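Coordinates in review
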Amino acid sequence: MFRAEVFEGVVRMAMSRELFGKELYPAACYLAGGLVVDTGIAHFRKDLVSFLTGNPPEAIVNTHAHEDHMGANALLQKTFKVPIYAHREALPMIARPGLLKLLPYQKLYFGLPAPAHAEPIAEVLESGGHRFRVHPAPGHSPDHILLHEEEHGWLFCGDAFIAGQDRVFRGSYDLAEILGTLRRILELAPETMFTGMGAVLRRPAANVRRKIAQYEEAAERAMDLFRAGLGEKEISRRLFPGDGMVRIVTTGDCTALKLVRAFLRFKGIGTVSPPALPERVS
């Protein structure tokens, strides 16, 4: 499914595959003036090019080098002869997407992007009459960036903010850095935030604060259970039951166990074994 809508002068191009009538892992890219922010899922690359043919872009930015954010890079670059910009650490994956080592579910849902040429993004990018300030936003991935258009108060945040409460994590996510990036978003105080999965949030500060609180409270609960002598697997079953389907579909890439491990690392626990319980005194 591919659809386009306009929000405050920004075109959101949302896409997702369907299974039994249910949308799977949606992704979104945006057209702001002459700038395309992310290029979505490879399966929809022709739809994206067709839509943009009447309004050709001047440049492309990838917020980070994950397969659902750079899927149409190569075709857009070939069709419109435009530069692609990204964090320096993202450039090798954009040039050689095979480095991502996609799992079967990722290939099914998103497809493997074709190689493209990207250049390191500067601290400020001007395109289509807009001026975007670039901010580092690690946590979801080390190469993640934010694009802030200060005049209109727009923030393109990629996957630095994902709506809802997390119940699974990937092992590559860094919770401390995610929280640092969320606080950076609060400091920027955007009027409208455009997310990588398609949610467009007006005055998003309350949403971001809620997300921070969810992480911190869940980390504290995980730590309490750890101190009570529970192991990480039992903690994950207590706090986030029912991750079996996600775990199976992603072949263990996304699990509640990895989320609990992230919480314990954040709380300074270097081991995943529970502490020894004190002996009973009779």
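Refer to the structure above for everything that follows.
These lines cover the structure that appears in this document, whether it is placed above or below. (Residues numbered from 1 in each chain as written. Predicted model: local features only at pLDDT ≥ 70, side-chain atom pairs only at ≥ 80, totals over all residues. Heavy atoms only, no water.)

This structure, assessed with the given rule, holds two cavities of 30 Å³ or more. Put simply, the largest cavity is a space of about 50 Å³. Lining the largest cavity are Gln165, Asp166, Lys211, Gln214, Tyr215, Ala218, Phe240, Leu259 and Phe263. Elements that contribute at least two residues to the lining of the largest cavity include exactly α6 (205–227) and α9 (256–266). The dominant element in the lining of the largest cavity, judged by the number of residues it contributes, is α6, at four residues. Here the lining of the largest cavity is built from residues that sort into five nonpolar, two polar and two charged. (1 Å grid on protein atoms, 1.4 Å probe; cavity = no way out; pocket = protein on both sides within 12 Å on 5 of 7 lines; lining within 4 Å. Points joined across faces, edges and corners; volume = space filled by probe spheres on them. Helix = DSSP H or I, 4+ residues; strand = E, 2+ residues; numbered from the N terminus. Nonpolar A, V, L, I, M, F, W, Y, C, P; charged D, E, K, R; others polar.)

Applying the stated criterion across every chain yields a total of 14 aromatic pairs. When the centroid spacing of 6.5 Å and the interplanar angle of 90° are considered together, the rings of Trp154 and Phe194 count as edge-to-face. Highlighted residues: Trp154 in strand β11 (residues 154–158) and Phe194 in strand β13 (residues 192–195), separated in sequence by 40 residues. This pair shows no difference in class: Trp154 is buried, exactly as Phe194 is. An aromatic cluster of at least three residues, connected via ring pairs, comprises Tyr30, Phe132, Trp154, Phe156 and Phe194. (Phe/Tyr/Trp six-rings, centres within 6.5 Å; stacked < 30°, edge-to-face > 60°. Buried < 20%, exposed > 50% of the residue type's maximum accessible area, 1.4 Å probe, protein only.)

The next subject is the state of the cysteines. Following the criterion strictly, the structure yields zero disulfides and no others. Of all cysteine sulfurs in the structure, the one in Cys29 sits closest to Cys157, which takes part in no disulfide; the separation is 14 Å. Residue classification places Cys157 among the buried residues on the basis of a relative accessible area of 0%. Distance from the sulfur of Cys254, which forms no disulfide, to the nearest cysteine sulfur (Cys157) is 18 Å. What makes Cys254 buried here is its relative accessible area of 11%. (Disulfide = S-S within 2.5 Å.)

To continue, consider helix α1 (residues 45–52). Within the sequence span of α1, burial applies to Leu48, Val49 and Leu52. Along the axis of α1, the buried residues cluster in a sector spanning 95°; they form a single face. Of the exposed residues in α1, those oriented more than 90 degrees away from the buried face are Lys46 and Ser50. (Arc of directions from axis to C-beta.)

Glancing now at the layout of surface pockets. Quantified by volume, the largest pocket comes out at close to 680 Å³. Around the largest pocket sit 32 residues that line it, and Tyr25, His140, Ile162, Tyr173 and Met197 are the ones nearest its centre. Within the residue set of the lining of the largest pocket, elements represented by two or more residues are β3 (22–32), α4 (104–109), β12 (169–170), α5 (175–188) and α6. Considering every element that reaches the lining of the largest pocket, the biggest residue donor is α5, with three residues. Grouping the constituent residues of the lining of the largest pocket by class yields 19 nonpolar, six polar and seven charged. A volume near 340 Å³ is recorded for the second largest pocket. Taken together, Leu19, Lys22, Glu23, Leu24, Tyr25, Pro26, Leu108, Tyr109, Met245, Val246 and Val249 form the lining of the second largest pocket. Of all the elements in the fold, those that place two or more residues in the lining of the second largest pocket are β3, α4 and α8 (244–249). Looking at the lining of the second largest pocket, the element that brings in the most residues is β3, giving five residues. Considering only residue class, the lining of the second largest pocket consists of nine nonpolar, no polar and two charged.

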